[in-house]
Amino acid sequence: MIEILDVCKAYGTGNRALRDINITIEDGEFVFIMGRSGSGKTTLLRLLIKEEEPSSGEIIVNGIELQRMRRRQVPRYRRNFGIVFQDFRLLKDRNVFENVAFAQRVVGASSRAIRESVPEMLKLVGLSSKYKSLPQHLSGGEQQRVAIARALVNQPEILLADEPTGNLDHQNAAEIMNLLWDINQMGTTVIVVTHSEEIVEQMGGRVITLDRGQMIEDEIRDGYQE
Ligand code: ADP
Ligand code: MG
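(A) Representation of the environment of I83 in the model. Mapped onto the elements, I83 comes out in strand β6 (residues 81-85). By relative accessible area, I83 is classed as partly exposed at 26%. For the pair I83 and L45, spaced 38 residues apart in sequence, the C-alpha to C-alpha distance is 9.5 Å. Those residues in contact with I83 that lie beyond four places of it in its chain are I49, A151, L159 and L160.

(B) Geometry of unusual backbone geometry. Here D20, not a glycine, exhibits a phi torsion of approximately 45 degrees, which is positive. Secondary-structure assignment places D20 in strand β2 (residues 16-25). With a relative accessible area of 52%, D20 lands in the exposed category. Unlike most non-glycine residues, K50 shows phi in positive territory, near 60 degrees. Using a relative accessible area of 11% as the deciding quantity, one classes K50 as buried.

(C) Up close: the side chain of E163. Within the secondary structure, E163 is located in the loop between β7 (158-162) and α6 (170-185). Those residues in contact with E163 that lie beyond four places of it in its chain are K41, Q86, V193, T194 and H195.

The rules behind each value
- Residues numbered from 1 in each chain as written.
- Chains lettered and ligands numbered in written order.
- Predicted model: local features only at pLDDT ≥ 70, side-chain atom pairs only at ≥ 80, totals over all residues.
- Heavy atoms only, no water.
- Helix = DSSP H or I, 4+ residues; strand = E, 2+ residues; numbered from the N terminus.
- Buried < 20%, exposed > 50% of the residue type's maximum accessible area, 1.4 Å probe, protein only.
- Contact = heavy atoms within 4.5 Å.

Next comes the structure, spelled out in structure tokens:
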């Protein structure tokens with residue numbers, strides 16, 4: 001469970017990115033964080049993974065108060081999260097298999113574990129046949145699938161996606177959203193940041209809206225698609 005309690009974040013420049021944010025997210029939820037550019041969405045995600053510290057308030061994840069966590073505990077803490085970005089962030093000189101395997105190598109997984117889980121993940125995202133391809137030979141939608149496989153290969157509890165469909169056309173965006181939905185159905189908590197009204201309208205579900213650093217809405221919406 002994620003508890004964000006009275007959180008404010010001002011950057012050194014005096015920029016107030018978040019103001020009095022209160023959000024509770026239960027295990028297994030699918031949550032949209034909506035809001036225009038500059039509304040504080042990415043800042044919220046960075047606070048969750050302890051890349052930034054709140055100026056005030058607290059964040060508690062699985063009962064652990066982040067502010068009290070020791071620095072050396074942070075890498076392990078971050079393994080609770082898989083993260084997907086708008087610009088995919090794949091290693092350009094490595095093929096699909098290696099891009100996914102890389103996430104396992106950095107946590108010291110055995111070659112055997114890698115040989116087992118990478119094909120499993122690629123199957124999950126529908127890219128089994130492209131395991132030898134380089135990112136540049138894939139479509140944007142396929143590249144984002146690789147990034148999702150990489151984010152999930154260490155079996156995080158929570159998947160954070162920051163504008164995952166921002167670089168994709170309508171069709172690919174819809175497919176990526178359906179994949180994220182399936183992943184949530186398998187038990188992973190999914191938090192998707194987007195500024196796309198269209199996507200949110202389609203999917204429905206819990207939508208938290210930020211506006212200039214303030215939470216202006218937290219509601220369950222109906223979607224119009226299965
Ligand atoms: P969003 O992801 O919704 O576009 P951000 O969280 O990136 O919003 O930014 C929220 C506000 O904080 C913006 O005004 C932005 O300029 C500011 N901001 C973000 N990151 C930094 C930073 N590292 N230093 C200073 N200001 C920042
Ligand atoms: Mg952002």
